[in-house]
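Summary of structural features
What follows is the residue order along each chain.
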Amino acid sequence: LLVRARPRGPTCHRETTSCFGSERAPGVGFLARLAQVVRQRNRERPEGSYTSRLFEAGVHRQAQKVGEEGVEVALAAKDAAVEPLLAESADLLFHLLVLLEGRGVGLDEVVAVLKARHRE
């Protein structure tokens with residue numbers, strides 16, 4: 001008997017796509033990599049980097065950006081076109097990662113809260 005399935009998330013207890021590799025689940029894994037890039041930008045502050053400018057502006061400005069992007073997501077959601085919703089959602093996720101890093105909070109900590117709230 002052969003069963004072919006497409007998982008919607010990690011299939012291993014290590015939260016990887018397979019027990020035989022270290023690749024994290026598609027999509028979520030990219031967010032983790034992006035969070036690492038954001039962390040690196042915070043440490044190194046490369047000149048000309050938008051992310052560096054956000055860190056130099058401080059947590060107050062980072063929080064403002066999350067608020068702005070959240071409103072833009074809500075406004076885009078009411079329209080029929082999905083592309084603006086996708087673009088604004090991507091902006092919101094990016095700015096949220098910057099704010100979390102600015103506050104010294106890791107994406108894994110947020111995921112842990114979501115897991116704790118999840119009931120199967």
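Residues numbered from 1 in each chain as written. Predicted model: local features only at pLDDT ≥ 70, side-chain atom pairs only at ≥ 80, totals over all residues. Heavy atoms only, no water.

To continue, consider the pattern of salt bridges. A side chain with one charge can pair with a side chain of the opposite charge if their charged atoms come near. By the definition in use, this model includes 5 salt bridges. A salt bridge links glutamate 101 to arginine 39; the shortest N-O distance between them is 3.7 Å. Separated by 62 residues along the polypeptide, glutamate 101 in helix α4 (residues 83-102) and arginine 39 in helix α1 (residues 28-44) bring together distant segments of the chain. Judged by its relative accessible area of 33%, arginine 39 falls in the partly exposed class. A salt bridge links aspartate 79 to lysine 78; its shortest N-O distance comes to 3.1 Å. Residue class for lysine 78 comes out exposed when judged on its relative accessible area of 62%. Because the salt bridges share partners, they merge into one network encompassing Arg61, Lys65, Glu68 and Glu69. (Salt bridge = Lys/Arg side-chain N within 4 Å of Asp/Glu carboxyl O. Helix = DSSP H or I, 4+ residues; strand = E, 2+ residues; numbered from the N terminus. Buried < 20%, exposed > 50% of the residue type's maximum accessible area, 1.4 Å probe, protein only.)

It is worth spelling out the side chain of histidine 95 at this point. Looking at where histidine 95 falls in the secondary structure, it is placed in helix α4. Using a relative accessible area of 5% as the deciding quantity, one classes histidine 95 as buried. At 2.9 Å, the side chain of histidine 95 and the side chain of tyrosine 50 are in polar contact. Non-local contacts of histidine 95, meaning those with residues more than four positions away in its chain, are made with Tyr50, Leu54, Lys65, Val66 and Glu69. (Polar contact = N/O pair within 3.5 Å; in protein donor to acceptor, adjacent residues only side chain to side chain. Contact = heavy atoms within 4.5 Å.)

What follows covers the packing of helix α3 (residues 59-77) against α4. Taken N-terminus to C-terminus, the directions of α3 and α4 make an angle of 160 degrees; their axes are 8 Å apart at the nearest point. For the element pair α3 / α4, the angle class is roughly antiparallel. The crossing of α3 and α4 is left-handed. For the pair α3 and α4, the contacting residues are Val59, Gln62, Ala63, Lys65, Val66, Glu69, Gly70, Glu72, Val73, Ala76 and Ala77 in the first and Pro84, Leu85, Glu88, Ser89, Asp91, Leu92, His95, Leu96, Val98, Leu99 and Gly102 in the second. Residue classes in the contact of α3 with α4 are distributed as 12 nonpolar, 5 polar and 5 charged. (Axes fitted to C-alpha atoms, helices over the stretch in contact; angles between N-to-C directions. Parallel < 35°, antiparallel > 145°, perpendicular 65-115°, else oblique. Left-handed = near helix turned anticlockwise from the far one by under 90°. Nonpolar A, V, L, I, M, F, W, Y, C, P; charged D, E, K, R; others polar.)

Before going further, it helps to examine the packing of helix α2 (residues 50-57) against α3. At a closest axis distance of 5 Å, the pairing of α2 and α3 adopts a crossing angle of 120 degrees. Classed by the angle they form, the pair α2 and α3 counts as oblique. On α3, the residues touching Tyr50, Leu54, Phe55 and Ala57 of α2 are Arg61, Gln62 and Lys65. Of the residues that constitute the contact of α2 with α3, the class distribution is 4 nonpolar, 1 polar and 2 charged.

Counting 7 residues, the largest nonpolar core is built from Ala35, Val38, Leu54, Phe55, Phe94, Leu97 and Val98. Where this core is concerned, the elements lending two or more residues are α1, α2 and α4. The element that contributes the greatest number of residues to this core is α4, accounting for 3 residues. Phenylalanine 55 has contacts with Val38, Arg41, Asn42, Arg45, Gln62, Val98, Glu101 and Gly102, leaving out every residue within four places of it along the chain. (Core = buried A, V, L, I, M, F, W, Y, C linked by side-chain atoms within 4.5 Å.)

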